[in-house]
Amino acid sequence: MSYPILPGAEPWSAAGSGERARIGILLVHGFTGSPASLRPLAGMLNARGFTIELVRLPGHGTHYRDMMPTRYADWLAEVERKVGELKQRVSKVVLLGLSMGGTLVLDAASSRSDLVAGVTAINAPILNREGFLVKIAPLLESVLPVAPASAAGLTRNDIAKPGVSEIAYGWVPTASGNSLVRELPRVRAQLARLACPALIAYSLADHSVPPDNSREILKILAGKDVSELVLERSYHVATLDYDLELIEERVAEFADRVGA
């Protein structure tokens, strides 16, 4: 059974305008999340003239049962497919990802730098998680198909701004989550091959992905064309939080530079 897309969790695309229309920005949401977490930012960037493609990853934005058969490889394949489609419409492609979306765009950009002009990762997980639950995760996967988001170390609506929802699942398919965890060492190793400019943004008060993850990305990319953006007023879902305007400004500047 397939479930309908939740209101507000729909994918979105929009043609650009003016000189910036030739620069396409592909936005990718996080694990168990939805396009809702990036929709305001996507609209603001489109208002500046950029061509926009906001992705809904397979199994997301509907019901956690839709996510259960999906894996990291499915999400990465969708990002790569959308990059190819966007490349047909614009001359330069910039990738932007939030949380696991940041991991996905870093993965895609470091493996296909020929297609990407620049990449922005916001609160992206890259380090192995620690703790007892992580160690027994492979066992849990076989006996417990889903777990509460809190048990997976995720804080729902991790947003400092009150009354805002990212439209994310409260339950996590364990096999899906483990598929992400298993890919992190490969992505870390691959990051050294990143050839395009990068903007790494992270929240100091993140209750889902500690800022050490982004600092590790910056360490791996040291010596390359990499910029750091510290978000002092937001929690994990910074694109729906108090630093939204700051992110928009810095992403627009970054896209203008790499798209020139």
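Keep in mind that what you see is a predicted model, and the values were worked out from it rather than measured. Counting restarts for each chain: residues are numbered from 1 in the order of the written sequence. Local features in this predicted model are restricted to residues whose pLDDT is 70 or higher, and side-chain atom pairs enter the listing and the counts only when it is 80 or higher, whereas totals over whole chains, interfaces and linings include all residues. Side-chain measures here rest on the full set of heavy atoms in the structure, leaving out hydrogens and waters.

A. Quick look at the sheet that holds strand β2 (residues 23–28). Two strands are said to pair when DSSP picks up at least two bridges between them. By the criteria applied, helices consist of DSSP H or I runs no shorter than four residues and strands consist of E runs no shorter than two, each listed in order from the N terminus. Across the sheet, which stays open at both edges, the seven strands sit in the order β1-β3-β2-β4-β5-β8-β9 with mixed pairing between neighbours. At either end of the open sheet lies a strand with only one pairing partner, and these are β1 (12–14) and β9 (226–231). When strand polarity is set aside, the average angle formed by the axes of neighbouring strands in this sheet is 15°. Relative to strand β4 (residues 92–98), β2 runs parallel, the two being bridged by six bridges. Paired with Gly24 across the two strands is Val93, which belongs to β4. Contacts between residues were defined by any pair of non-hydrogen atoms, one from each residue, lying within 4.5 Å. Only C-alpha atoms enter the line fits that serve as axes; for helices the fit covers just the stretch in contact. Angles between N-to-C directions range over 0 to 180 degrees. The strands that helix α4 (residues 100–111) touches are β2, β4, β5 (118–122) and β8 (198–203); relative to β4, the one it contacts most, it runs at about 145°.

B. Fine view of unusual backbone geometry. The phi dihedral of Ser99 falls on the positive side, at around 60°, and the residue is not glycine. When you line up the elements, Ser99 lands in the loop between β4 and α4. For Asn123, which is not glycine, the phi torsion reads 50° and is therefore positive. Tracing the chain through its elements places Asn123 in the loop between β5 and α5 (132–135). Categorising residues by exposure relies on relative accessible area from a 1.4 Å probe, with only protein chains included: less than 20% of the type maximum marks a residue as buried, more than 50% marks it as exposed, and the intermediate range marks it as partly exposed. For Asn123, a relative accessible area of 1% puts it in the buried group.

C. Fine view of the pattern of salt bridges. Whenever a carboxyl oxygen of Asp or Glu lies within 4 Å of a side-chain nitrogen of Lys or Arg, that contact is scored as a salt bridge. Taken as a whole and assessed by the stated rule, the structure comprises 13 salt bridges. Arg89 serves as the salt-bridge partner of Glu53, at 2.8 Å between the closest nitrogen and oxygen. With Glu53 in strand β3 (residues 51–55) and Arg89 in the loop between α3 (72–87) and β4, this pair connects stretches of sequence that are 36 residues apart. By relative accessible area, Glu53 is classed as buried at 9%. On the accessibility criterion, Arg89 (44% relative accessible area) is partly exposed. Here Asp225 makes a salt bridge to Arg257, at a shortest N to O gap of 3.0 Å.

D. Just the packing of aromatic side chains, in detail. For this analysis, a ring pair means two rings from Phe, Tyr or Trp (six-membered ring only for Trp) whose centres lie within 6.5 Å, classed as stacked if their planes differ by under 30 degrees, edge-to-face if by over 60, and tilted for the remaining angles. Tallying each qualifying case throughout the model produces one aromatic pair. Here the aromatic rings of Phe31 and Trp75 are separated by 5.9 Å at their centres, their planes lie at 65°, and the arrangement is edge-to-face. Separated by 44 residues along the polypeptide, Phe31 in the loop between β2 and α1 (39–47) and Trp75 in helix α3 bring together distant segments of the chain. Arg39 extends its terminal NZ or CZ atom over the ring of Trp12, reaching a point 3.7 Å from the ring centre. Only when the NZ of Lys or the CZ of Arg is both within 6 Å of the ring centre and within 35 degrees of the ring normal is a charge said to sit over the ring.

E. Structural view of helix α7 (residues 174–191). To estimate how far a helix should reach, multiply one less than its number of residues by 1.5 Å. In this model, α7 (18 residues) spans 26 Å end to end at C-alpha, consistent with the 26 Å of a helix rising 1.5 Å per residue. If you look at α7, its biggest bend is around 35°, right at Leu184, and the proline Pro185 turns up within four residues after that. Along α7, the residues that are buried comprise Thr174, Ala175, Ser176, Gly177, Asn178, Ser179, Leu180, Leu184, Val187, Gln190 and Leu191. What is called the bend at a residue is the angle between a pair of axes, fitted to the seven residues leading up to and ending at it and to the seven starting from it.

F. Structural view of the pairing of β4. In terms of residue burial, β4 counts as a mostly covered element, since six of its seven residues are buried. The handedness of the β4 to β5 crossover, carried by α4, is right-handed. Crossovers are described as right-handed under a simple rule: with the strands pointing away from the observer, the path leading from the first strand over the helix to the second runs clockwise.

G. Just the packing of α3 against α4, in detail. Interaxial distance between α3 and α4 falls to 10 Å at its minimum, and their mutual angle equals 65°. For the element pair α3 and α4, the recorded crossing hand is right-handed. Along its contact with α3, which presents Tyr72, Trp75, Leu76, Val79 and Glu80, the element α4 presents Met100, Thr103, Leu104, Asp107, Ala108 and Ser111. Side-chain classes follow a simple rule in which Ala, Val, Leu, Ile, Met, Phe, Trp, Tyr, Cys and Pro form the nonpolar group, Asp, Glu, Lys and Arg form the charged group, and the remainder, Gly included, forms the polar group. Among the residues making up the contact of α3 with α4, the classes are represented as seven nonpolar, two polar and two charged. What makes a crossing left-handed is the near helix being turned counterclockwise from the far one by less than a right angle; a clockwise turn instead makes it right-handed.

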